[in-house]
Amino acid sequence: MTDEELRTEVRAWLAANWKNDLPARADQWTVGPEQRAWLAKVVEARWAVNRWPSEWCGRDLSDAQAKIIEREFAAVKAPGAGQDRTHLYAITALTFGTDVMKAALLKGMLTGEINMCLLYSEPGAGSDLAGIRTRATRDGEEFVVNGQKVWTSGAATADYGMLIARTDWDVPKHNGISFFFLSMKQPGVEVRPLRQVTDESHFNEVFITDARVSADFLLGGLNNGWRVLQTALAYERSVMGDGARGPRRAGDGAANDLVALAREAGKLDDPVLRQDLAKVLSYRRLNALNNARAKADLAQGTSSSIMSLGKLAMSRILHEEARLRTALLGAGSLLDGEAFPRADDANFLTLNAYFTSIGGGTDQIQRNIIGERVLSLPKEPEIDRTIPFRDVRAG
Amino acid sequence: MSTFTAEDRAAMAESVRRLLADKGDEAALRRAMETPSGYDAALWAELVELGVAGLIIDPAYDGLGGGPVELELIMEEAGAALLAAPLFASGVMAAALISASGDEGAKERLLPGLARGRIATVALTGDAGTWTPDGVTVGAHSHGARAFLDGTASFVLHGAAADVLLVVARVDGGFGIFEVAKGTPGLEITTLPSFDRTLRLTKLDFHHVPATRLGIAGWDAVEAMLKIALVALAGEQAGGARRVLDMTVQYAKTRIQFGRAIGSFQAIKHMAADLLLEAENATSAARHAAQQLAGGGEADEAVYLAAFACADAYSKIAADAIQMHGGIAFTWAHPAHLYLRRARADAQLLGAPPYHRERYLQAMGA
């Protein structure tokens, strides 16, 4: 099919089917019935994953032709196309899953019938993710899973979780991990909301006690989980936008504008504060300029080191903005809550800045990554890398 | 409007980079900085040959007709190599000021010479070193058709080597730009000892010095010159910052202590990662300012952002570079201090970061 024929076909289909009348989603973890109905149509018409093979809902198209379809969907603001680039869970399933698992889950994932979550981090395995101690033990055609996971978004509504668990304790830590799709809807899985430092509950703890998973839902083979995880993390990073949040209250212009806040606080004439204000404003501006340059470089085919710096930059922006807000409010920041929205913003942002500087890899781990992958500095010796995991010190 | 294509630009930057690697390396720089003039005349001649001296001069006056984007890119190369030459004084400040003066006669008389390597410089601030209207301490008085200058200008780059001095002076309650030839009676030039040994700073004392005013240009022309010069300086800072960081990272890969390359220690690695962010910020800010200025629209915000962001980044990177090297960089023989000296100089020339931060806020209406 030529590009033009394809474009005509997708346009005609969208014109006939897309009404642009979907209600807004309640939250990012669940897909409402109207969205599901639309996604089902998209999947049925084979527009969801155009680069994929036809046996798995795709069209075997080249990247260039797939982009034509995605552009047409984007032009009319229709969701659902391009999931072969953006659906982290489906991509992982397609790449590493067994045919039994793909037949059972793939379509449901693409239509939003099946919700997913990530079961990676543990209380004892944060920065050192390969140090997980959740165990999966073979029992006939199944594995029995025991352990505890944490920092799981959307666990309460998830049908399946992408789980890493230890399947061999007698080999070095990276070599004894396996990757599963674990059903969350079973008696051995208990989800407890985690009350965060901001007093919100965005994340959950997941307690897993004698939960069961079929060997068909093991991805990439036994003890090959670390490799599957690296691939999944790479997909995740490539689709993750800037997840940093502003103040709790959206749409409040003054709260989002440090200059307005300084003016409101009567401190816009304070020369010391003006210096501070200019510095803090410049951090966000410089980050935007970096991102624009990285994009331009990428468009010209030259790769850029800037992308890996974005998270570090954003951490500084958020912490510094929160610090400045607090300085502007002075004793006003002692107060909190709905009745004192400026204080509430400053206080919330002060604590929520750690979401970015700790979540998804701490700034310190990020500096290691930049040092080693971008600047090619040598790695630190790892004393636990080559010994059986059983003998690795924990605490 | 510049007619350079992206390829032209890259080719020119590449030629300058090669020339400086070949004839403007550290040894050459150290030789040049010990001479009275502070620069290598043969290297300057080769740069002139490449067109660098007339890079931003209109082709009508024998220049290449480049704009801020080309200038910034070339200055990144100059900064990386710590080029000691009258490029910034003559090819940037003087060329930009004459071009902005609106005096066709002066352009015809002066610009072709500058493009061919004749050296001019700009005398702007007095001892206060502010590069603002307040800082000007030379006054002009008219006697018939002639003007005479009295007062002092300081921090003048290459004042002793310059054939032509362009002096910003107070006149009739405003400002004017005056041309003074080298050796004019009543002009006293003192070379000042400078912390950055690759700079040549001079103080000019005027005692009833006859001068020619350039048209009716006033502070607007000075302001226009300063913006181009700030973009050039930002490019120099971004280029220098990048090079001294590269040197430091390279050293951290080869210097062994405790049986390991020191770059494997997080104490060093994390500093390097933070400095990489600073270096990228500087490059983005400098290039963005150049693009804004080239676009002809409102560029103040971008220019002042680049001015303080690049100054701060270069100062931080050059300072940390010495710390990360350790003892070796505490020696005169090691080049790290040359970068720190240049970073500290660049952070003062044309105004210090706090001043530019204030202008940045004002430009965004705060």
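Residues numbered from 1 in each chain as written. Chains lettered and ligands numbered in written order. Predicted model: local features only at pLDDT ≥ 70, side-chain atom pairs only at ≥ 80, totals over all residues. Heavy atoms only, no water.

Draft legend 1. Region of interest: the packing of helix α1 (residues 3-17) of chain A against helix α2 (residues 33-44) of chain A. All names here are of chain A. Running from N to C, α1 and α2 point in directions that differ by 150°, and their axes come no closer than 12 Å. Taken together, the axes of α1 and α2 are roughly antiparallel relative to one another. The handedness of the crossing between α1 and α2 comes out as right-handed. Here Trp 13, Leu 14 and Asn 17 of α1 come into contact with α2, specifically with Trp 38, Lys 41 and Val 42. The residue inventory of the contact of α1 with α2, partitioned by class, reads 4 nonpolar, 1 polar and 1 charged. (Axes fitted to C-alpha atoms, helices over the stretch in contact; angles between N-to-C directions. Helix = DSSP H or I, 4+ residues; strand = E, 2+ residues; numbered from the N terminus. Parallel < 35°, antiparallel > 145°, perpendicular 65-115°, else oblique. Left-handed = near helix turned anticlockwise from the far one by under 90°. Contact = heavy atoms within 4.5 Å. Nonpolar A, V, L, I, M, F, W, Y, C, P; charged D, E, K, R; others polar.)

Draft legend 2. Region of the structure containing the pairing of strand β7 (residues 203-214) of chain A. All names here are of chain A. Pairing analysis gives 10 bridges linking strand β3 (residues 142-153) to β7, with the strands arranged antiparallel. Note on β7: the bridge partner recorded for Gly 147 is Ile 208. The sheet contact formed by strand β6 (residues 189-193) and β7 spans 5 bridges and is antiparallel. Among the inter-strand pairings, Val 191 is bridged to a residue of β7, identified as Val 206. (Pairing = 2+ DSSP bridges.)

Draft legend 3. Just the confidence of the model for chain B, in detail. Of the residues in chain B, 100% reach a pLDDT of 70 or more, and the chain-wide mean stands at 97. On the interface metric, ipTM, the complex scores 0.94, and its pTM is 0.90. (pLDDT = per-residue confidence, 0-100.)

Draft legend 4. Up close: the interface of chain B and chain A. Listed by partner, the interface residues are 37 residues for chain B and 35 residues for chain A. Around 3200 Å² of area is buried between chain B and chain A when both sides are counted, 60% of it from carbon and sulfur atoms. Across the contact surface, chain B and chain A share 6 salt bridges. Among the ionic pairs, Arg 316 of chain A bridges to Glu 278 of chain B, the shortest N-O distance being 3.0 Å. At the junction of chain B with chain A, the criterion picks out 19 residue pairs in polar contact (both at pLDDT 80 or more). Listing elements by their share of the side of chain B that touches chain A, those giving two or more residues are α7 (219-254), β9 (260-261), α8 (266-295), α9 (300-325) and α11 (353-363) of chain B. If one sorts the elements of the side of chain B that touches chain A by residue count, α8 of chain B sits on top with 16 residues. Residues belonging to the side of chain B that touches chain A are distributed by class as follows: 17 nonpolar, 10 polar and 10 charged. (Buried area = accessible area lost by both parts, 1.4 Å probe. Salt bridge = Lys/Arg side-chain N within 4 Å of Asp/Glu carboxyl O. Polar contact = N/O pair within 3.5 Å; in protein donor to acceptor, adjacent residues only side chain to side chain.)

Draft legend 5. How the structure looks around the domain arrangement of chain A. Each domain of chain A was delimited in the assignment, giving domain 1 (3-86), domain 2 (116-239) and domain 3 (253-360). A C-alpha centroid distance of 30 Å is found between domain 1 of chain A and domain 2 of chain A. (Domains from an automatic or database assignment.)

Draft legend 6. View of the pattern of salt bridges. The tally for this structure, following the rule as stated, stands at 51 salt bridges over all chains. The salt bridge involving Glu 280 of chain B is made with Arg 242 of chain B; its shortest N-O contact spans 3.2 Å. Pair noted here: Glu 280 of chain B is in helix α8 and Arg 242 of chain B is in helix α7, with a separation of 38 residues, a long-range link. For Arg 242 of chain B, a relative accessible area of 25% gives the class partly exposed. Each of Arg 51, Asp 63, Lys 67, Glu 70, Asp 84 and Arg 85 of chain A takes part in one network of salt bridges that share partners. (Buried < 20%, exposed > 50% of the residue type's maximum accessible area, 1.4 Å probe, protein only.)

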